Amino acid sequence: NNGVLPVAHDFSIGHRGACMQFPEHTLESFRAAISMGAGIVECDVAVTKDGELVCRHSQCDLHTTTNILATDLAAKCLQPFAPANKTAGTSAAAKCCTSDITLAEYKTLCG
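Reading guide: rules and limits
- Residues numbered from 1 in each chain as written.
- Predicted model: local features only at pLDDT ≥ 70, side-chain atom pairs only at ≥ 80, totals over all residues.
- Heavy atoms only, no water.
- Salt bridge = Lys/Arg side-chain N within 4 Å of Asp/Glu carboxyl O.
- Buried < 20%, exposed > 50% of the residue type's maximum accessible area, 1.4 Å probe, protein only.
- Helix = DSSP H or I, 4+ residues; strand = E, 2+ residues; numbered from the N terminus.
- Patch = residues over 30% accessible without salt bridge, like charges linked within 9 Å, V, L, I, M, F, W, Y side chains within 5 Å.
- Areas by Shrake-Rupley, 256 points an atom, 1.4 Å probe, with all protein chains shown as cover.

Engineer: Looking at this structure, I do not really get the pattern of salt bridges. What am I missing?
Structural biologist: Side chains that differ in sign of charge can pair as their charged atoms come close. Inspection of the entire model under this criterion finds two salt bridges. Across the pair Arg56 and Asp61 runs a salt bridge, and its minimum N-O distance is 2.4 Å. Each member of the pair, Arg56 together with Asp61, is buried. Two residues, Glu105 and Lys76, come together in a salt bridge whose shortest N-O distance is 2.3 Å. Of this pair, Glu105 sits in helix α3 (residues 103–106) while Lys76 sits in the loop between α2 (62–65) and β5 (79–82), and the two are 29 residues apart along the sequence. A relative accessible area of 18% means that Glu105 is categorised as buried. Judged by its relative accessible area of 40%, Lys76 falls in the partly exposed class.

See below:
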């Protein structure tokens, strides 16, 4: 901070909130963007299995950004977790998308 306070402008967007201060798409990030004068708070949108919209950076990043692999919901992932296999020369892999689960299931995740 150089001592200059943020000023609201006619066109000021908080992209994914205040992402340089807080994790993107979090309530804290959105509140910070608003308090700094953002006239618009923008989020990326993903769709759940039941057609609900949620703010997510990516449609298919639940396996790296939430605890889905540690829950029963892991079985619903597009590509369920497969451990690394040194003999076969394969790396661990998983791919879990917002569209794999319902909004109610999504709300149970931590991340």
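Engineer: Explain a nonpolar patch on the surface to me, please; I cannot follow it from the model alone.
Structural biologist: The grouping of Phe11, Ile13 and Ile40 at the surface amounts to a nonpolar patch, some 320 Å² of accessible area in total. What makes Ile13 partly exposed here is its relative accessible area of 43%.

Remember that the coordinates give geometry; whether it matters functionally is a separate question.
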